[in-house]
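Chain by chain, the residues:
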Amino acid sequence: MAIILGIESSCDDTSAAICIDGKICSNVIASQAVHQNYGGVIPELASRVHQQNIIPAIHQAIDVAKIHKNDIDAVAFTRGPGLLGSLLVGTSFAKSFALAKGLPLIEVNHMQAHILAHFIEENKPSFPFICLTVSGGHTQIVLVKDYFDMEVIGETNDDAAGEAFDKTAKLLGLPYPGGPLIDKYAKQGDKFAFKFPEPQVDGLNFSFSGLKTSIMYFVRDRIKEDPEFLKNRLFDICASVQERIISILLNKLKKASVQYDIKTIAIAGGVSANSGLRTALNEAALTEGWKVYIPKFEYCTDNAAMIAIAGYYKFLNKDFVGQDIAPLARMLF
Ligand code: KG4
Ligand code: ZN
């Protein structure tokens, strides 16, 4: 039997999970409300709150899984990419716990873990598949050849898709993180009300910074004509912006599918919780003949279950690291 403790602390969620023989038995997530009024994550505040949340989250994960801390066989932690101060909290806890208990230590790449979240459920994708990984910090199209054999075949040249949602929300006066709110308001709006430009970017890469600027000027000009514009048309703006972000993502995904002749398509990361994107992917399954994989909501945004499952597959390979390991703000595959 293999019992893995997974720890995630790369951004603003402190999370701990227990994986027993490839099955997730607990997944505790302590989110940080402290950033809401700042329009983004404040790194120094994030690391301080991780420090407060990490021990209770781990205790709870152990309790929910109905195990004892002495039953744990290995500790998997997010090494990067992420905010260094935040990563340090999880990494330091993982190292100390592993040292105290004489356990092997497993480093996990956060972006790979988002993709490996697809291996938590029974319905697992088969290799090779293409995964669109869309989060607050990253937007990547990844060719997934095996659990830890992944190649980034497309990525953003500037902002991430989640950032496009969050920055749009900020422009519209909505709190952080804006993605879930835009998603909610978009459901009540007309997605064809306004047409925002689609950036022309080569190959499988993305660009979202132009979209953000065009939304900024659009709102500024319309408010000059009608001071109530934002209030009256908020739902239509949200629906139209979301529609454009989704079409940008889907068009590149279609291109990748043709280029690599792969029809098994997955999405991962916080933005994969977006209901419009989920619907669009299901529609593409019908029109493109894709077999699509969409994670459960709790495994879309940051969570330790994905770290524990990635840790489990590394445990099977005896892929361990030493106590000299340090977190990495930037970490490639
Ligand atoms: O993967 P994640 O939890 O953290 C990072 O690794 O960045 O992703 C967070 C991002 C935020 O930008 C948030 O606004 C976005 O995911 N997000 C959403 C939705 N839920 C979370 N974006 C659009 N629609 C949603 N429902
Ligand atoms: Zn993430």
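Residues numbered from 1 in each chain as written. Chains lettered and ligands numbered in written order. Predicted model: local features only at pLDDT ≥ 70, side-chain atom pairs only at ≥ 80, totals over all residues. Heavy atoms only, no water.

Topic: the overall build of the protein
Along its length, the protein carries nine helices and 10 strands. Whereas a compact globule of 333 residues would reach a radius of gyration of roughly 20 Å, the protein reaches 20 Å, a difference of no more than 12%. Once the C-alpha set of the protein is aligned to its principal axes, its extents read approximately 65 × 45 × 30 Å. A buried classification covers 56% of the 333 residues belonging to the protein. The long-range fraction of contacts in the protein, counting pairs at least 24 apart against all pairs at least 6 apart in sequence, stands at 73%. Summing over all exposed atoms, the protein offers an accessible surface of approximately 14,600 Å²; the carbon and sulfur share of this is 52%. The protein carries 32 positive and 36 negative side-chain charges, and their two centres are separated by 2 Å. (Helix = DSSP H or I, 4+ residues; strand = E, 2+ residues; numbered from the N terminus. Rg over C-alpha atoms; globule rule 2.2 N^0.38 Å. Buried < 20%, exposed > 50% of the residue type's maximum accessible area, 1.4 Å probe, protein only. Contact = heavy atoms within 4.5 Å. Areas by Shrake-Rupley, 256 points an atom, 1.4 Å probe, with all protein chains shown as cover. Lys, Arg positive; Asp, Glu negative; His and termini not counted. Charge placed at Lys NZ, Arg CZ, Asp CG, Glu CD.)

Quick word on the pattern of salt bridges
Taken as a whole, this structure holds 14 salt bridges when the rule is applied. The salt bridge involving glutamate 228 is made with lysine 231; its shortest N-O contact spans 2.9 Å. In this structure glutamate 228 comes out as partly exposed when scored by relative accessible area, which is 37%. Among the salt bridges present, the one from glutamate 298 reaches lysine 296, with a minimum N-O distance of 3.6 Å. Classification of glutamate 298 as partly exposed rests on a relative accessible area of 36%. Linked through salt bridges whose partners overlap, the residues forming this network are Asp159, Glu163, Lys167 and Lys212. (Salt bridge = Lys/Arg side-chain N within 4 Å of Asp/Glu carboxyl O.)

Concerning the coordination of the zinc ion (ligand 2)
Within the first shell, the zinc ion (ligand 2) binds the protein through His110 (NE2), His114 (NE2) and Asp302 (OD), at distances of 2.0 to 2.1 Å. Written as a sequence motif, the donor residues of the zinc ion (ligand 2) are H-x3-H-x187-D. Linking histidine 110 with histidine 114, this pair stays in helix 3 (residues 110-116), spanning four residues, or about one helical turn. When sorted by exposure, histidine 110 lands in the same class as histidine 114, which is buried. (Donors = N, O, S within 2.8 Å, 3.2 Å for Na, K, Ca; no water.)

Some details on unusual backbone geometry
Put simply, glycine 80 and proline 81 share a cis peptide bond, and its omega is -10°. Along the polypeptide, proline 81 turns up in the loop between strand 4 (74-80) and helix 2 (84-101). Residues phenylalanine 127 and proline 128 are joined by a peptide bond in cis, for which omega reads -10°. Not every positive phi belongs to a glycine, and lysine 66 is a case in point at roughly 55°. Here lysine 66 is to be found in the loop between helix 1 (43-64) and strand 4. Positive phi outside glycine occurs at lysine 318, with the angle close to 55°. Within the secondary structure layout, lysine 318 lies in the segment after helix 9 (305-316).

What about the domain arrangement of the protein?
Split into domains, the protein comes out as domain 1 (3-116 + 300-316) and domain 2 (125-294). If you average the C-alpha positions of domain 1 and of domain 2, the two centres end up 27 Å apart. At the interface, 18 residues of domain 1 touch 20 residues of domain 2. Buried area between domain 1 and domain 2, summed over both chains or domains, comes out near 1,600 Å², and the portion from carbon and sulfur atoms is 75%. The three residues of domain 1 that bury the most area against domain 2 are Met111, Ile115 and Cys300, which together make up 38% of that side's buried surface. Looking at the side of domain 1 that touches domain 2, the elements that each hand over two or more residues are helix 3 and helix 9. Ranked by residues supplied to the side of domain 1 that touches domain 2, first place goes to helix 3 with five residues. By residue class, the composition of the side of domain 1 that touches domain 2 is nine nonpolar, seven polar and two charged. (Domains from an automatic or database assignment. Buried area = accessible area lost by both parts, 1.4 Å probe. Nonpolar A, V, L, I, M, F, W, Y, C, P; charged D, E, K, R; others polar.)

Observations concerning the site of ligand 1
The full set close to ligand 1 counts 18 residues, and Gly136, Asp166, Asp183, Asn274 and Asp302 are the nearest of them. A distance of 3.3 Å separates an oxygen atom of ligand 1 from a polar backbone atom of glycine 162. Contact between ligand 1 and aspartate 183: a nitrogen atom at 2.9 Å from a side-chain N or O atom of the residue. Isolated, ligand 1 exposes 550 Å² of accessible area, and the fraction of that covered by the protein chains is 90%. Listed by contribution, the elements that provide at least two residues to the shell around ligand 1 are helix 3, helix 4 (161-171) and helix 5 (178-186). (Near = heavy atom within 4 Å. Polar contact = N/O pair within 3.5 Å; in protein donor to acceptor, adjacent residues only side chain to side chain.)

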